[in-house]
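Structure at a glance
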Amino acid sequence: MEWLKGLRKGYGRKLVSLHTWNGWIVLILALTGLILISGLWRGVLGEVRVWIKWAHIVVGIISIVPVVYYLLLAAKHWKQLRGKPWQRFNVLVILGLLLGWFGSGIVLWQFKAFGPANSNIALFVHDALTWVGLPYIIYHSITRLKWLKQPQRLSVKAPQEEETLHPAANPQAVYTRRAFIKWTIGAGLAVTLGPSFLQWLGRSLGGGTGNLEQLIENDANRMVPPPQPLPASAPPIGGGSQGRFRVYTVTPIPQFSNADWSFTIDGLVENKLHYDWERFVAMPRVAEVSDFHCVTGWSVYSNTWEGIPLKTLLAEAGVSDQARTVKFYSGDGVYTDSLTLEQVEEMDDVLVAVMHDGKPIPSDLGGPVKLIVPQMYAYKSVKWLNRIELIDGDHDGYWIVRGYAKDAWVTKS
Ligand SMILES: Nc1nc2c(c(=O)[nH]1)N[C@H]1C(S)=C(S)[C@@H](COP(=O)(O)O)O[C@H]1N2
Ligand SMILES: [Mo]
């Protein structure tokens, strides 16, 4: 029976090293994932953020290796855990988490192939598992730390009662103390994370207009006169947008008033155009309904945007023959993107928008003027748009330089 012992020993070591590997992988994924969802880092990290995203994806893919390896050993481990329902439960929870994260992660990674509707679901699942799973894993890790397993280290020298210092002499006391610490850690996690979890849940399942009202209330722009909505905008023909805009920016949110706002169309055009707000807001507009999809998995559906068709503005300026690309500048001074004239030719619904669902676009969402390219992912929709330049070359926009695909078309489903 010597060989069996050897195998058991090897098997035990394998399990332990699997557990360690898994722990490190989850730690890396948690850290990189948390950095990715915190908006704060968008501007600060810039390019680094794209590396972090790739690290998250690569490590995420690798994370399937220990899972598959474990599954090969699982039958034996499962038998070994007979009579330990909590440990069995733990194994199932961890496996469920890892597989769920993995599956939804693949969809988020391959967002183009799966399309926005599946990406929306995958993002919800990925986030939901994180909200439940990360606290679970943190709890699991803390309560299994060595100092918790060796309760004598914890005991403050109790004055009279010898027993409390010696677990063996009074196992009941130790058990109670350990349980107390576990409960405290659990309650601590629940109290610190609970409220934000409930907020997230409400936002995700709430549908409707999400935070739009608040963003409108916080509008820092001071443009006069405000744009007057077309009948198609108020009430909005789309019936009101569905979903929640994440406010994305790579700079502090800029704010504008008539004094410091203008709109320019220049470069390879016959007539350079320069507008102040009064003239800009007096131009005829159209209203259109479209969905807004971000590559990170969220969408806002049925937006009624009101604005000037890009083609109308370009026709007014008169595009020169040498021009090949339309370059868009943001009033934040940093963000740019572009469309080729060929792409512009293909799309009749690109809008230089000033209103959303019958209201001025608030500063957080890119007002007073935001480019809307409904058939492409939202990184094309330049916020705080204030200049359009016609150029003869090519132009890679802010996120394209930092790794986003040049081909931003949303696959129609
Ligand atoms: N100026 C500027 N425009 C921008 C961005 C940005 O960071 N700065 N982010 C883009 C991306 S990736 C998305 S998803 C949308 C988000 O629009 P929202 O902040 O109005 O939701 O804006 C796009 N336009
Ligand atoms: Mo985005």
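Residues numbered from 1 in each chain as written. Chains lettered and ligands numbered in written order. Predicted model: local features only at pLDDT ≥ 70, side-chain atom pairs only at ≥ 80, totals over all residues. Heavy atoms only, no water.

A look at the packing of helix α5 (residues 85-109) against helix α6 (residues 111-143)
- At a minimum axis distance of 7 Å, the contact between α5 and α6 shows a crossing angle of 150°. Viewed along their axes, α5 and α6 adopt a mutual orientation that is roughly antiparallel. For the pair α5 and α6, the crossing hand works out as left-handed.
- Grouping the constituent residues of the contact of α5 with α6 by class yields 18 nonpolar, 10 polar and no charged. (Axes fitted to C-alpha atoms, helices over the stretch in contact; angles between N-to-C directions. Helix = DSSP H or I, 4+ residues; strand = E, 2+ residues; numbered from the N terminus. Parallel < 35°, antiparallel > 145°, perpendicular 65-115°, else oblique. Left-handed = near helix turned anticlockwise from the far one by under 90°. Nonpolar A, V, L, I, M, F, W, Y, C, P; charged D, E, K, R; others polar.)

A look at empty space enclosed by the protein
- In this structure the tally under the stated criterion is three cavities of 30 Å³ or more.
- When its volume is computed, the largest cavity comes out at roughly 320 Å³.
- Across the lining of the largest cavity, the residue classes tally to 15 nonpolar, two polar and five charged.
- Empty space within the second largest cavity amounts to approximately 50 Å³.
- Taken together, Asp-291, Phe-292, His-293, Ile-372, Val-373, Pro-374, Met-376, Ala-378 and Ser-381 make up the full set of residues lining the second largest cavity.
- Residues belonging to the lining of the second largest cavity are distributed by class as follows: six nonpolar, two polar and one charged. (1 Å grid on protein atoms, 1.4 Å probe; cavity = no way out; pocket = protein on both sides within 12 Å on 5 of 7 lines; lining within 4 Å. Points joined across faces, edges and corners; volume = space filled by probe spheres on them.)

Remarks on the side chain of Thr-336
- Within the secondary structure, Thr-336 sits in strand β6 (residues 336-340).
- Looking at Thr-336, its side chain comes within polar contact range of the side chain of His-395, at 2.8 Å.
- Dropping the residues within four chain positions of it, Thr-336 is found in contact with Lys-327, Phe-328, Tyr-329, Val-382, His-395, Asp-396, Gly-397 and Tyr-398. (Polar contact = N/O pair within 3.5 Å; in protein donor to acceptor, adjacent residues only side chain to side chain. Contact = heavy atoms within 4.5 Å.)

Here's the deal with the nonpolar core
- Grouped together as the largest cluster of nonpolar side chains are 67 residues, with contacts concentrated most on Phe-263, Phe-280, Val-352 and Ile-388.
- Considering each element in turn, this core owes the most residues, five residues, to strand β7 (residues 351-356).
- Not counting residues within four places of it along the chain, the set of residues in contact with Phe-280 comprises Trp-261, Phe-263, Tyr-275, Ile-308, Val-352, Val-354 and Val-369.
- By size, the runner-up hydrophobic cluster in this structure holds 17 residues, among which are Tyr-11, Leu-15, Ala-74 and Trp-101. (Core = buried A, V, L, I, M, F, W, Y, C linked by side-chain atoms within 4.5 Å. Buried < 20%, exposed > 50% of the residue type's maximum accessible area, 1.4 Å probe, protein only.)

Some points on the packing of aromatic side chains
- All chains considered together, the criterion is met by 22 aromatic pairs.
- Seen in terms of ring centroids, Trp-399 and Tyr-404 are 5.0 Å apart; in terms of plane orientation they differ by 15°. Their pairing is stacked. Side by side, Trp-399 and Tyr-404 carry an identical accessibility label, which is buried.
- Three or more aromatic residues joined by ring pairs make a cluster, and in this case those are Phe-245, Tyr-248, Phe-292, Trp-298 and Trp-305.
- Looking at Lys-76, its charged tip hangs above the ring of Tyr-11, at a distance of 4.2 Å from the centre.
- Lying across the ring of Tyr-329, Arg-387 places its NZ or CZ 4.3 Å from the centre. (Phe/Tyr/Trp six-rings, centres within 6.5 Å; stacked < 30°, edge-to-face > 60°. Lys NZ or Arg CZ within 6 Å of the ring centre and 35° of its normal.)

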